[in-house]
Amino acid sequence: MKKLLQSTILSLIILLFATADLKATHTMGVDMTYECLAPGQYRITLQVYRDCKGVDMNAPQSVAFSSAQCGVSSTVTLNQVGPPQDITPVCQGQATACGGGNGNYGVEKYTFEGILNLPPGCGNDWVLSWELCCRNYAITNLSDPGNESVYIEICLDNTLSPCNNSPFFLNNPIPFYCINQPVNYNHGVIDIDGDSLSFSAVNSLSNGGASVGYSGGLSGQNPFISSQPYTVDPINGDISYTPSALQVAVAAIRVDEYRNGQHIGCVVRDMQWTIINCTNQLPTATGVNGSANNYAITIPACSDTCFTILSNDPDAADNVTMTWNNGIPGGVFTTTGGQHPTGTFCWTTTAADVGLHVFTVTVKDNHCPIIGSNTYSYSINVVPSSDPPVNAGPDRTLCPGQTATLTASVTGGSVTGYSWTDGTN
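Residues numbered from 1 in each chain as written. Predicted model: local features only at pLDDT ≥ 70, side-chain atom pairs only at ≥ 80, totals over all residues. Heavy atoms only, no water.

Trainee: Which parts of the structure should I look at to understand the pairing of strand β25 (residues 373-383)?
Mentor: The side chains of a regular strand alternate between both faces of the sheet. When you tally the buried positions in β25, you get nine out of 11 residues, the bulk of the element. For strand β19 (residues 296-300) and β25, the ladder comprises five bridges, and the chain directions are parallel. Within β25, the position partnered with Thr298 by the bridge is Asn381. Sheet topology note: the strand β24 (residues 355-364)/β25 ladder contains 10 bridges and is antiparallel. If you follow Val358 over to β25, its bridge partner there is Ser379. (Buried < 20%, exposed > 50% of the residue type's maximum accessible area, 1.4 Å probe, protein only. Helix = DSSP H or I, 4+ residues; strand = E, 2+ residues; numbered from the N terminus. Pairing = 2+ DSSP bridges.)

Trainee: Hey, could you run me through the environment of Ile139 in this one?
Mentor: Mapped onto the elements of the fold, Ile139 is located in the loop between β7 (126-132) and β8 (150-156). Owing to a relative accessible area of 5%, Ile139 belongs among the buried residues under this scheme. Considered as a pair, Ile139 and Ala249 are 110 residues apart in the sequence and their alpha carbons are 5.6 Å apart.

Trainee: Would you mind showing me how to read the packing of aromatic side chains here?
Mentor: For any pair of aromatic rings, the description consists of the separation of the ring centres together with the inter-plane angle of the planes. Applying the stated rule across the entire model yields 21 aromatic pairs. The interplanar angle of 55 degrees and the centroid separation of 5.6 Å between the aromatic rings of Tyr230 and Tyr241 together place this pair among those described as tilted. A residue pair is termed long-range when its members are at least 10 positions apart, and Tyr230 in strand β14 (residues 226-232) and Tyr241 in strand β15 (residues 239-243) qualify at 11 residues. What makes Tyr230 buried here is its relative accessible area of 7%. Since its relative accessible area comes to 0%, Tyr241 is described here as buried. (Phe/Tyr/Trp six-rings, centres within 6.5 Å; stacked < 30°, edge-to-face > 60°.)

Trainee: Is there a simple way to think about the pairing of strand β1 (residues 27-38) in this case?
Mentor: β1 sits mainly inside the fold: nine of its 12 residues count as buried. Note that β1 and strand β2 (residues 41-51) share 10 bridges and pair antiparallel. Each bridged residue has a counterpart across the sheet, and for Ala38 the counterpart in β2 is Gln41. In sequence, β1 turns back onto β2 through a hairpin of two residues, with Gly40 there showing a positive phi of about 80 degrees. Both β1 and strand β17 (residues 262-276) contribute to a ladder of three bridges, which runs antiparallel. Among the inter-strand pairings, Asp31 is bridged to a residue of β17, identified as Arg269.

Note that all results are geometric; they support no functional claim without further evidence.
Structure follows, in structure tokens:
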């Protein structure tokens, strides 16, 4: 009986540790956004990034929401949308650990959606949160990662008219980078309402919204052991650092949204990054028109603009591909060339485009088993056109062969001549 009792206790202990380990090995990251469908009605999208060597992801997921102003605290159910997407950055033909594969690496993206209905016009203090136990025991920048849950919260102002859409993350996170090589990454955040965005590094969160416990003097603002300090550009969201040790680290970025100087919302992405030994050197991309470090231009509204971006790779045998995140509606990005292609971005601006616009370009090589990549952002500041507006009188409709005289007058300026087109010639 005594031996049986000891055996039972030992089995329970093993089971408890095994269960804790399973719970702690599948969640690598998360982000949450919202889209306005009607006043007080929002589509909530939750994206969870799973380690394919861990336990399966459960569905559906539950998101809590609350407002002190409106006296509401409840939850909304999000259902899984489609099958998970394998985003493991391996070279072509390389097996991953996802879908029952036997690869060494595997990362899946799960998408969940649900409709949130709020009291119309009530509350600028809404908080939406999601939590799941637990983080990965392999994480090195936390003191006790296996006992830290994954928690994020975002904020929403339901008093705006028209109602607001949150910023969205267009780029998948890249969870693997190389020791002692400079990292350039951008989450590819856009705002379809044209609101101003501000980016900041923040603490990853755990149980109920408390900060995780960092180890060795690390923090949300300095989450990596690195020779080049970890920085987040507050204007375009560029992330850069040079990791100087093998490590598994969590890092969170917050995006705050402003309209006419007023804070109207925020979203967060929390991601686990793994720094590995590499024989590969990462590909690079230049600034505007091949410049070394100029990744921003200023152009007038109502103009045509094109510029080129050159790719390169220090490893002579590697082939590079270039893709963009479609971050500027109406813009066109094309590539030409073979091993190290050239990208060309073209855009015709209108008067409505005045303001700051950002898109990203990701360069990837074909190194095996883990491909190398970097992501660069390009900022375009559109300023009002210096050309004065012209009034040429009422519109005319002419048949072939007919003629008409148009008299153009200048408002608010002076010019010496005009170039006229009819849209065909």
